[in-house]
Amino acid sequence: MFYIQSGKVKLTAVSTQGKEAVVAILPEGSFFGEGCLTGQPLRMATASAVDRAPITRVERLVMVGLLHREPEFAERFLAYLLSRNIRMEADLVDHLFNSSEKRLARLLLLMANFGQESKPIPLIAKMSQETLAEMIGTPAHESAFS
């Protein structure tokens, strides 16, 4: 599995028909590839850096050892995984039930940390229209971007 030291990483999945979707944009301090902890044989998504992103590889056995020996780390890691799972579940519900305009508005608010404990971020990182469209599951030419 991997740990993002700084920067951002985009996770994308591709269907058997070749349709690509952005699953998540992970910020600094995030983990990805944790499926290896459960013996997941294949990766479900491809990771690519959005901007400069030094990444540390954590071997499965090292991570399992840390989780067993360090209860505070294990608690934080579990909290991280649960919060990311809740966010991805909310994203799925949003995608299933809301229009592309509402999905885009929600995405932009999330990217700016609006309503979070940390202060809102006044400027959103440079991101192409195509990437935003992939993140909300809409072709870039649809009305949300017109």
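Counting restarts for each chain: residues are numbered from 1 in the order of the written sequence. Residues qualify for local features only when their pLDDT is at least 70, as the model is predicted, and side-chain atom pairs are given and counted only at 80 or more; totals for whole chains, interfaces and linings, by contrast, use all residues. The side-chain quantities take in all heavy atoms of the structure and omit both hydrogens and water.

1. Here we look at the overall build of the protein
To qualify as a helix, a DSSP run of H or I must reach at least 4 residues; to qualify as a strand, a run of E must reach at least 2; elements of each kind are numbered from the N terminus. Secondary structure assignment for the protein yields four helices and six strands. In the protein, the succession of α and β elements from N to C terminus is β-β-β-β-β-β-α-α-α-α. Buried means the residue's accessible area, taken with a 1.4 Å probe over protein chains only, is under 20% of the maximum for its type, while exposed means over 50%, and partly exposed covers the values in between. A burial count over the protein gives 27% of its 146 residues as buried. Contact between two residues is taken to exist if any of their heavy atoms lie within 4.5 Å; hydrogens are not considered. When contacts within the protein are restricted to residue pairs at least 6 apart in sequence, long-range pairs at least 24 apart make up 60% of them. Here the accessible surface of atoms and residues is derived via Shrake-Rupley with a 1.4 Å probe, and residues count as covered only by protein chains that are part of the display. Carbon and sulfur atoms form 58% of the exposed surface of the protein, whose accessible area is close to 10,100 Å².

2. With respect to the sheet that holds strand S3 (residues 20–26)
The three strands lie next to each other as S3-S2-S5, forming an open sheet whose pairing is antiparallel. Edge positions in the open sheet fall to S3 and strand S5 (46–49), since each of these has one partner strand only. For this sheet, the mean angle separating the axes of adjacent strands, direction not counted, is 30 degrees. At least two bridges found by DSSP between two strands are what make those strands a pair. Pairing of strand S2 (residues 9–14) with S3, which is carried by six bridges, proceeds in the antiparallel orientation. Bridging from a neighbouring strand, Leu-11 pairs with Ala-24 of S3. Between the N-to-C directions of two axes lies an angle of 0 to 180 degrees, each axis being a line fitted to C-alpha atoms and, for a helix, fitted only over the stretch in contact.

3. Quick look at the packing of aromatic side chains
The description of two aromatic rings rests on the distance between their centres and on the angle between their planes. Between rings of Phe, Tyr and Trp, where Trp is taken as its six-membered ring, a pair exists when centres lie within 6.5 Å; planes separated by under 30 degrees are stacked, by over 60 edge-to-face, and by other angles tilted. Within this structure, the stated rule accounts for six aromatic pairs. A ring pair is formed by Phe-31 and Tyr-80, whose centres lie 5.8 Å apart and whose planes are at 65 degrees; its orientation type is edge-to-face. Residue Phe-31 is located in strand S4 (residues 31–32), and its partner Tyr-80 is located in helix H2 (residues 71–97); the two are separated by 49 residues in the primary sequence. Given the relative accessible area of 17%, Tyr-80 is considered buried. With centroids separated by 6.1 Å and ring planes inclined at 15 degrees, the aromatic side chains of Phe-73 and Phe-77 adopt a geometry described as stacked. Of this pair, Phe-73 and Phe-77 both sit in helix H2, four residues apart, which is roughly one turn of the helix.

4. Concerning the pattern of salt bridges
When a carboxyl oxygen of Asp or Glu lies within 4 Å of a side-chain nitrogen of Lys or Arg, that pair is called a salt bridge. Inspection of every chain in the model, using the stated rule, returns three salt bridges. For Arg-57, the salt bridge identified is with Glu-59, shortest N-O distance 3.2 Å. The exposure class assigned to Glu-59 is partly exposed, which follows from its relative accessible area of 44%. Among the salt bridges present, the one from Glu-72 reaches Arg-76, with a minimum N-O distance of 3.4 Å. Of the two residues, Glu-72 and Arg-76 both sit in helix H2, four residues apart, roughly one turn of that helix. Each member of the pair, Glu-72 as well as Arg-76, is classed as exposed.

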